[in-house]
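# Close look at the chain arrangement
The lines below spell out each chain.
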Amino acid sequence: MEQSLNHTISLLTRTPAALHALLRDLPEAWTFRNEGENTWSAFDVVGHLIHGERTDWMPRARTVLQFGETKAFEPFDRWGQERESQGKSLPQLLDEFARLRSENLGELPALNLRPEDLERRGRHPALGVVTLSELQATWAAHDLTHLHQISRVMAHQYREAVGPWSAYLGVLQCAGHSSP
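Read on for a plain summary of the structure. (Residues numbered from 1 in each chain as written. Predicted model: local features only at pLDDT ≥ 70, side-chain atom pairs only at ≥ 80, totals over all residues. Heavy atoms only, no water.)

Once that is clear, we can look at the overall build of the chain. Within the chain one finds nine helices and two strands. Each helix and strand of the chain, placed in order from N terminus to C terminus, yields the pattern α-α-α-α-α-α-α-β-β-α-α. The C-alpha atoms of the chain give a radius of gyration of 18 Å, which matches the 16 Å a tight globule of 180 residues would have. A principal-axis box enclosing the C-alpha atoms of the chain has dimensions of 55 × 35 × 30 Å. Burial analysis of the chain (180 residues in total) assigns 40% to the buried set. If you take every contact in the chain between residues at least 6 apart in sequence, the share linking residues at least 24 apart comes to 75%. Accessible surface computed for the chain: about 9900 Å², of which carbon and sulfur atoms make up 53%. (Helix = DSSP H or I, 4+ residues; strand = E, 2+ residues; numbered from the N terminus. Rg over C-alpha atoms; globule rule 2.2 N^0.38 Å. Buried < 20%, exposed > 50% of the residue type's maximum accessible area, 1.4 Å probe, protein only. Contact = heavy atoms within 4.5 Å. Areas by Shrake-Rupley, 256 points an atom, 1.4 Å probe, with all protein chains shown as cover.)

Listed below in structure tokens is the structure:
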């Protein structure tokens, strides 16, 4: 499927509600446990999504539109959520993510992107030349990656409790390709 801005927005709009439905008011045993050293909990993933809303998607889109390939994107701090989430509860993070996502998606139409704008090129500090269309598609796939990661991390908590059924549960067989 080719990237469609309308399709991308329709998915991005749903992520805060999906996270709200899955995580709000769950016991911390579900939301604060991870898969081991250097892995993230559901709490950490929500913090990471917030950090991305602030520093990645829309700032990079504006950089492409303003500077093209002449200015590389600011490098993304994949662990930035650690300091930004300190002292906050998961409900606070869920609300903050919903607010930031709504603001960003409200700003996106104001850019009045035309098909030719989506083909404009920017420079990623590690990947090199990328298009605005690729950035937008990545935003949606990034959400799906982390929804998958959250379900995998949560299922991991019951990996022993399910006993022999683990052979039938693909989420327990996943090798963690979406971990940080």
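Positioned with a positive phi, Asn-38 is a non-glycine residue whose angle comes to about 60 degrees. Along the chain, Asn-38 turns up in the loop between helix H2 (28-31) and helix H3 (42-55). For Asn-112, which is not a glycine, the phi torsion comes out positive at approximately 50 degrees. Position of Asn-112 among the secondary structure elements: in the loop between helix H6 (90-110) and helix H7 (115-118). Exposure remark for Asn-112: the relative accessible area of 59% places this residue in the exposed category.

Moving on, we get to the pairing of strand E2 (residues 128-131). With four bridges joining them, strand E1 (residues 121-124) and E2 adopt antiparallel strand pairing. Note that in E2 the partner of Arg-123 across the bridge is Val-129. (Pairing = 2+ DSSP bridges.)

For the rest of this paragraph, the subject is H3. Taking 1.5 Å as the rise per residue, H3 with 14 residues should run 20 Å; its terminal C-alpha atoms sit 20 Å apart, in good agreement. Every buried residue of H3 is listed here: Ala-42, Phe-43, Val-45, Val-46, Gly-47, His-48, Leu-49, Ile-50, His-51, Gly-52 and Glu-53. For H3, the elements touching its buried residues are helix H1 (5-23), H2, helix H4 (57-67), helix H5 (81-84), H6 and helix H8 (132-156). (Expected span 1.5 Å × (residues − 1).)

With that out of the way, let us pick up the side chain of Asp-56. Turning to its location among the elements, Asp-56 is positioned in the loop between H3 and H4. Note on Asp-56: relative accessible area 7%, which makes it buried.

Taking 1.5 Å per residue, 21 residues should reach 30 Å; H6 reaches 31 Å between its end C-alpha atoms and fits that length. Along H6, the residues that are buried comprise Leu-90, Leu-93, Leu-94, Glu-96, Phe-97, Leu-100, Arg-101, Asn-104, Leu-105 and Leu-108. Down the axis of H6, the sector holding all buried residues measures 160 degrees, keeping them to one side. Seen from the buried face of H6, the exposed residues on the opposite side, beyond 90 degrees, are Pro-109 and Ala-110. Where H6 is buried, its residues meet H1, H2, H3, H4 and H8. Just downstream of H6 lies Asn-112, where phi reads positive at about 50 degrees. (Arc of directions from axis to C-beta.)

Let us now look at the packing of H4 against H8. The contact between H4 and H8 brings their axes to 10 Å, and the two run at 175 degrees. The angle between H4 and H8 falls in the class roughly antiparallel. Taking contact as the criterion, the partners of Trp-57, Met-58, Arg-60, Ala-61, Val-64 and Leu-65 in H4 are, on H8, Leu-132, Leu-135, Gln-136, Thr-138, Trp-139 and His-142. Looking at the contact of H4 with H8 residue by residue, the class counts come to eight nonpolar, three polar and one charged. (Axes fitted to C-alpha atoms, helices over the stretch in contact; angles between N-to-C directions. Parallel < 35°, antiparallel > 145°, perpendicular 65-115°, else oblique. Nonpolar A, V, L, I, M, F, W, Y, C, P; charged D, E, K, R; others polar.)

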